[in-house]
Every structure is written in C-alpha cells, then in structure tokens.
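Report on the structure
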Protein chains: 2
Amino acid sequence: MSADVLTIGEAARRTGVSAKMIRWYEATGLLPPAARSEAGYRHYGEADLHTLRFIRRARDLGFSVGAITDLLALWRDRARPSAGVKAIAQEQITDLRRRIAELEGMARTLEHLADACCGDDRPECPILDDLAAADRGPARRRLAGGFARRGLVRGGT
Amino acid sequence: MSADVLTIGEAARRTGVSAKMIRWYEATGLLPPAARSEAGYRHYGEADLHTLRFIRRARDLGFSVGAITDLLALWRDRARPSAGVKAIAQEQITDLRRRIAELEGMARTLEHLADACCGDDRPECPILDDLAAADRGPARRRLAGGFARRGLVRGGT
DNA sequence: CTTGACCTTCCCATGATGGGAACCCCCATC
DNA sequence: GATGGGGGTTCCCATCATGGGAAGGTCAAG
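Reading the values: the criteria
Residues numbered from 1 in each chain as written. Chains lettered and ligands numbered in written order. Predicted model: local features only at pLDDT ≥ 70, side-chain atom pairs only at ≥ 80, totals over all residues. Heavy atoms only, no water. Core = buried A, V, L, I, M, F, W, Y, C linked by side-chain atoms within 4.5 Å. Buried < 20%, exposed > 50% of the residue type's maximum accessible area, 1.4 Å probe, protein only. Contact = heavy atoms within 4.5 Å. Least-squares fit on C-alpha atoms with pLDDT ≥ 70 in both. Helix = DSSP H or I, 4+ residues; strand = E, 2+ residues; numbered from the N terminus. Near = heavy atom within 4 Å. Polar contact = N/O pair within 3.5 Å; in protein donor to acceptor, adjacent residues only side chain to side chain. Phe/Tyr/Trp six-rings, centres within 6.5 Å; stacked < 30°, edge-to-face > 60°.

Core analysis: the largest hydrophobic core is formed by 86 residues, its most contacted members being A:Ile22, A:Phe63, B:Ile22 and B:Phe63. Beyond its immediate chain neighbours, meaning those up to four positions away, B:Ile22 contacts B:Ile8, B:Ala11, B:Ala12, B:Val17, B:Leu31, B:Tyr44 and B:Leu52.

Have a look at this one:
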C-alpha cells in the first residue's frame, strides 16, 4: 500500500472520527464512497483526512449532520458567498441559545428547590412537594419566590 | 364507568402526559400496570393522575426516567430522608450545568466566528476557515478548557 | 503456517417521543 | 338493529448519532 494511503483505522486515529462513524457518514451520503483496495479495504488520502477533520470540528460545534452537509458543499465551492455560511452558523447559534435557556431554566428552578431542602434524615422535602404539587394548571403558583412555572421552563429565558 | 375513573385519553388531557407516553411508562415499569375494564381499556383514578403530574413535572425539570423512578419511590416512602431526594436533585443540577457549559462553549466560539464573517457575497469566510483548519491534530485538541469533549453534547431536551 | 490485529458487512441498542396501521369497543343517532 | 365516529388496543417504524458485537475475510510478522 503506497505511503500516503491509510486504512480506515488509521484515518480514524488521525482525525478523531471513529471508524464506525466514517462508515456511517459514507453510508448516509455525507461522505462520497471511499476508494477501495482489491480486498475491499477503504483507503483514505490527505484530502479525505482534511474532510474528516472538518466534519469532526463541525460536530464539536454542535452542527447536525444535515447542516454539515450544507457546510461541506459551501466549503468545496470556492465561489460561495460567505452569507450562506454565516446564515447556517447563525441558525446554529440561535438553536444553541434556545437550548441553553431551556436548561438554564431547569437548573435555576432545581437550585432554588435544592436550597430549600435540608437534605437530612427527616422526610420533609420541598423538592418532592414541588413535584407533587397538583395545582400546576393555569398560571398561578403559590410557591414563594416566583420560580419557573411550566411554560417558562420549556420556552424562554 | 363510574364517575371517578378515566380513560387514558382523558388522563392524558388532564396531566399533560400523552397517551402514548403513559403506555410507554407502564411498559417500561415506571408506572405499575393500570387497572383495566372488561374490554381491556386502561382506567385511571385520582391517585394515578397525581403520579402522572409528578412525572410530567419531573420531566419538565429534565430528570431522566431512571431518576424519576427513584424520585417516585422516595415520594411514596413517607419516611424517606430528604437527603436522598436532594442528592438526586443535585446530580441533576450538576448534569444540567455541565451541559450548559458545553453548549455555551460552542455558542461562544460560533459567535466569535460569525462576528468575523462579513456574510456578504464574497467567498472569504472565517467560519469555513476555522472548520477547515488542519492544525487540530488527534490527541491534542487545544480546546481542552471548556468545550465539547464529546459526549452529551447533543442531549436534546 | 499460525497468530493476532485489522478490515468487511450486518444486526441491535440507546432515550424519549411521535406516527401510523390494523383492529376492537362504546355510544348516540337514524 | 344498523351505522358512524371517536377512541381505545397492540405492534412496528423513525428519529439522531453513536457504540457494541458477531461472523468471516485479509494482511503482516514471527
């Protein structure tokens, strides 16, 4: 095997994308079919490694495979308008911010509840009391402190 | 059917847990098997609704079904030490904070990149340049600090 | 030639959720 | 009594990206 051609395992080691994932990316069309040896082994060259590192980096930034498909197409198109790339990035930022706000709401509510819970061997527990509170219908809570009510927790800041 | 017994659809409407999910919770053991009519319809009473609302609220706070199993057991045990509940809540808080930090790292990186990208019809694009940067070799991701170390990056809601 | 590391494909599981098919049941209305 | 509609039942499939593992072929070193 010539010096600049690697097996899938080597490519995986050098790019941080597992061999399993490389095959899956190929199967689903994110990557074009790899070159094969006579015995059927996949072979990867420098350009392939470059693409794999691109994918890995994009995954690390939370992009979905669908978004990466678009990013790769733009990357390969040397005449692309950067506006297209920026739009994808901004969608991703919006999505990340939305998810962060959601988790933040949950975390804050739980922190309030945990603060109010002694955490000793007595059974009184504001956390369970909150979970069990039956009157969580319409907008009205009597839990002191103005915690996240349903709807705020899931939705916004 | 006596007045205080509801079908699964009614129970779903009154608790915010979908009928599908109620069946699934039962199938996986989070809920005990529901009472059945002669024709095989599931029946739910007030206590069941209470439990379902408990589950719904816990899901809204991001608890996994596994954690909810534990919380339900503690809820039903009137002699439980609140320390057990608090410990579960704190694990959840830790997990939420970790996920938030991960997403926050991605968002900040992307925001920097997007800020540096003109987003016009010219092809120059710092976002693609970053994704394509080849100097991000295997074992050394210099992002070590706060970012996406692979894992629950995409943990959805 | 054997051994062991590596490759191939294929199937299965994850977690929580929804969609939909095929079929049964109940009640009200004609 | 027949019929229709709405809702129940079970079962299978899809998501999204990932890993685990089995069965079998390949390659290089000893």
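Continuing now.
Under the fitted operation, chain A is carried onto chain B by 0.0 Å of movement along the axis and a turn of 180 degrees, and the coordinates agree to an RMSD of 0.2 Å. On this basis, the relationship between the two copies can be described by a two-fold rotation axis. Proximity to the rotation axis, assessed at the C-alpha, singles out A:Ile100 in chain A; its C-alpha lies 2.9 Å from the axis. In this assembly the copies share their binding face: 90% of the residues contributing to the interface of chain A also contribute to that of chain B.

Along the chain, the position of B:Thr51 falls in helix 3 (residues 46-60). Not counting chain neighbours up to four residues away, the residues in contact with B:Thr51 comprise B:Leu31, B:Leu72, B:Trp75 and B:Arg76.

Bringing the protein's contact with DNA strand C into the picture now. Near DNA strand C there are 18 residues, and of these A:Gly9, A:Arg23, A:Arg42, B:Lys20 and B:Tyr25 occur at the shortest range. Across the atoms of DNA strand C situated within 4 Å of the protein, the share located in sugar and phosphate is 70%. Residue B:Lys20 places a side-chain N or O atom 2.4 Å away from a base oxygen belonging to DNA strand C. For the surface near DNA strand C, the elements supplying multiple residues, two or more each, are helix 1 (8-15) of chain A together with helix 2 (19-27) of chain B.

Attention now goes to the packing of aromatic side chains. Using the criterion set out here, one finds 4 aromatic pairs over all chains in the structure. When the centroid spacing of 5.7 Å and the interplanar angle of 55 degrees are considered together, the rings of A:Trp24 and A:Tyr25 count as tilted.

Attention now moves to the protein's contact with DNA strand D. Around DNA strand D, a shell composed of 20 residues is seen, among which A:Lys20, A:Tyr25, A:Arg59, B:Gly9 and B:Arg23 lie nearest. Counting only atoms of DNA strand D within 4 Å of the protein, the fraction found in sugar and phosphate groups is 65%. Between DNA strand D and the protein, one listed contact pairs a phosphate oxygen with a backbone N or O atom of B:Arg42 at 2.8 Å. Of all the elements in the fold, those that place two or more residues in the surface near DNA strand D are helix 2 (19-27) of chain A together with helix 1 (8-15) of chain B. At 4 residues, helix 2 of chain A tops the list of elements feeding residues into the surface near DNA strand D.

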